[in-house]
Amino acid sequence: MTRNRKAGKSAAASIVNMPERREPKPPVTYSDSNHLSVIFQAHGSVWCHVLPYCIFNTLIAAGVYIAKNNYGYDITCKPLGHKFMAMMVSFLLIGRVQIIFSRFMEARGHLSTCYRSCRELIQHMAVLTMQDKSEGAMQWRQLVAERTILLLLVTMGSIEFRSSQKKPWDVPELCEEERRNLESVMLLDDAEKEGTVKTKMSRFAHGRRTLLEESDRAPIILAYDLRKAILSTRQAEVLQVPFRHVNEELKLLDMVSGFLKAYAGLKKLINTPFPFPLVQMARTFLFFWVFTLPFALCSNAKELPGILLSTFFITYGFVGLEYVSMELDDPFGDDPNDFDDLGMAEMVFEDIYITLYKLDGDASVQNLRMKLAGVKVEEIA
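Residues numbered from 1 in each chain as written. Predicted model: local features only at pLDDT ≥ 70, side-chain atom pairs only at ≥ 80, totals over all residues. Heavy atoms only, no water.

1. Comments concerning the overall build of the protein
Tallying secondary structure elements over the protein gives 13 helices and zero strands in all. Across the 381 residues in the protein, those meeting the buried criterion constitute 44%. In the protein, the share of contacts with a sequence separation of at least 24, taken over all contacts with a separation of at least 6, comes to 77%. Taken as a whole, the protein presents about 20800 Å² of accessible surface, with 60% of it coming from carbon and sulfur. (Helix = DSSP H or I, 4+ residues; strand = E, 2+ residues; numbered from the N terminus. Buried < 20%, exposed > 50% of the residue type's maximum accessible area, 1.4 Å probe, protein only. Contact = heavy atoms within 4.5 Å. Areas by Shrake-Rupley, 256 points an atom, 1.4 Å probe, with all protein chains shown as cover.)

Structure representation (structure tokens):
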């Protein structure tokens, strides 16, 4: 299969050190024992989002206090009603944060399952066929490894589609022919086919399919191709030492099923956002309560500095929690607290290379990297 890439004698160097897809995402790290560092760290913090609200609300408090004490205009309100509303705001806000944090950790668990399934698939494939050192067996292991890497790459693109707006199959490791084959079975209608191959598959759609929906479908199609690659040993005498029992093949297929189950869990979380009525109610109560807080605090307070400090930090606490929930609600993207899913996937690729290296040697890993780089063996021979 010919890849649509330029290659030559100089391509040999790029096989070992393939160009990075993007700048690595700097992780949010902190020292739990260093209190000042935790408080004042900017990277990964919501301070930059919340600070304008804190300053604005503090200015309101100063204005209300000055109007009452310097000019005799009392626009304050009794704090009793504000106290009751504070309980409702706290309940809605804390409940939202707890639910979103639970979704955040569930998404991380599904990601871990995807990575683990890919690692275990390659390692099980290696140990179940380690007695077969034939050329056909080596090529088959390279094929399964390549299909596994492509599946994981496209999956990472699929879960990040909402933030990146890039088609998941537009990855350099996927050759032009395979990309066109993938697009040919998409159910996009003519209005959504911008930059894609026109196909007749849209005739079979039960409704209008968007690029967003088809990006969800791409990993499922590639999982089918991976299953075909695993069972390709049945169509030809690829292995000189065949599987001893059908359960060994089923074990490999079960790894793919585990991957798809985790992917389905990720898509469930992505496609089922936090219920809008709860978001709307919580945010309405939050902003009404926060920005009327100065009017309640100034009703009985005598000292201006105490009012300003109380207003500033109460605003930071309540609005900050809302921004924390917003930050964790969509952990797939380029924000500091988002998952570095592609970075973790690249570690899986390296683990796959290590497994092939231990079984088939350096040449096998080189050939796999050539295929992923879009270079034909004869071009660098």
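2. A look at the nonpolar core
Membership of the largest hydrophobic core comes to 67 residues, with the highest contact counts inside it found for L111 and L152. Secondary structure elements with two or more residues in this core: helix 4 (79–128), helix 5 (135–159), helix 8 (211–230), helix 9 (246–271), helix 12 (341–360) and helix 13 (362–373). The next biggest cluster of nonpolar side chains, apart from the first, holds 21 residues, and it includes A61, A86, L93 and F312. (Core = buried A, V, L, I, M, F, W, Y, C linked by side-chain atoms within 4.5 Å.)

3. A short note on helix 7 (residues 176–184)
For helix 7, every residue scored as buried is listed here: E178, R179, L182 and E183. Buried residues of helix 7, viewed axially, fall in a sector of 135 degrees; they line one side. Among the structural elements, helix 5 and helix 8 are those in contact with the buried residues of helix 7. (Arc of directions from axis to C-beta.)

4. Some words on the side chain of S134
Considering the arrangement of structural elements, one finds S134 in the loop between helix 4 and helix 5. Among residues more than four places away in sequence, those in contact with S134 are V238 and Q240.

5. So, unusual backbone geometry
Despite not being glycine, Q165 shows a phi value in the positive range, around 60 degrees. Residue classification places Q165 among the exposed positions, given a relative accessible area of 54%.

6. So, the packing of aromatic side chains
As enumerated under the stated definition, the model contains 12 aromatic pairs in all. On the basis of an interplanar angle of 45 degrees and a centroid distance of 4.6 Å, the ring pair of W289 and F318 is categorised as tilted. Highlighted residues: W289 in helix 10 (residues 276–297) and F318 in helix 11 (residues 304–329), separated in sequence by 29 residues. Taking the relative accessible area as the measure of exposure, W289 reaches 5% and is therefore buried. Both rings, one in F312 and one in F313, keep their centres 5.2 Å apart while their planes meet at 75 degrees; by these two values the pair is edge-to-face. Taken together through their ring pairs, the aromatic side chains of Y53, F56, F287, F291 and Y323 make up a single cluster. (Phe/Tyr/Trp six-rings, centres within 6.5 Å; stacked < 30°, edge-to-face > 60°.)

7. Considering the pattern of salt bridges
Summed over all chains, the structure comprises 16 salt bridges. Two residues, E213 and R209, come together in a salt bridge whose shortest N-O distance is 3.7 Å. For E213, a relative accessible area of 33% puts it in the partly exposed group. The partner of E322 in a salt bridge is R283, with the nearest N and O atoms 2.8 Å apart. Of the two residues, E322 sits in helix 11 while R283 sits in helix 10, which places them 39 residues apart along the sequence. Under the relative-accessibility criterion, E322 is labelled buried at 2%. Put simply, K167, D170, E176, R179 and E183 are held in one network by salt bridges that share partners. (Salt bridge = Lys/Arg side-chain N within 4 Å of Asp/Glu carboxyl O.)

8. With respect to the side chain of D338
Within the secondary structure, D338 is located in the loop between helix 11 and helix 12. At a separation of 3.4 Å, a polar atom in the side chain of D338 contacts the main-chain amide nitrogen of G333. At 3.0 Å, the side chain of D338 forms a polar contact with the backbone nitrogen of D335. (Polar contact = N/O pair within 3.5 Å; in protein donor to acceptor, adjacent residues only side chain to side chain.)

9. Looking at the packing of helix 4 against helix 10
Where helix 4 contacts helix 10, the axes come no closer than 9 Å and their chain directions differ by 145 degrees. Pair helix 4 / helix 10 crosses with left-handed handedness. Between helix 4, through P79, H82, M85, A86, M88, V89, L92, L93 and R96, and helix 10, the contact on the second element is made entirely by V279, M281, A282, R283, F285, L286, F288, W289, T292, L293 and A296. For the contact of helix 4 with helix 10, the residue count by class is 16 nonpolar, two polar and two charged. (Axes fitted to C-alpha atoms, helices over the stretch in contact; angles between N-to-C directions. Left-handed = near helix turned anticlockwise from the far one by under 90°. Nonpolar A, V, L, I, M, F, W, Y, C, P; charged D, E, K, R; others polar.)

10. Focus: the environment of S215
Examined against the element boundaries, S215 turns out to sit in helix 8. Considered as a pair, S215 and T155 are 60 residues apart in the sequence and their alpha carbons are 8.9 Å apart. With residues near it in sequence (within four places) discarded, S215 still touches S158, F161, P168, W169 and Y263.

11. A few points about the packing of helix 5 against helix 9
At their nearest, the axes of helix 5 and helix 9 sit 11 Å apart, and the two run at 5 degrees to each other. One element, helix 5, and the other, helix 9, form an angle in the roughly parallel class. Of the residues in helix 9, those in contact with W140, L151, L152, T155, S158 and I159 of helix 5 are L252, F259, Y263, L266, K267 and I270. Partitioning the contact of helix 5 with helix 9 into residue classes produces nine nonpolar, two polar and one charged. (Parallel < 35°, antiparallel > 145°, perpendicular 65-115°, else oblique.)

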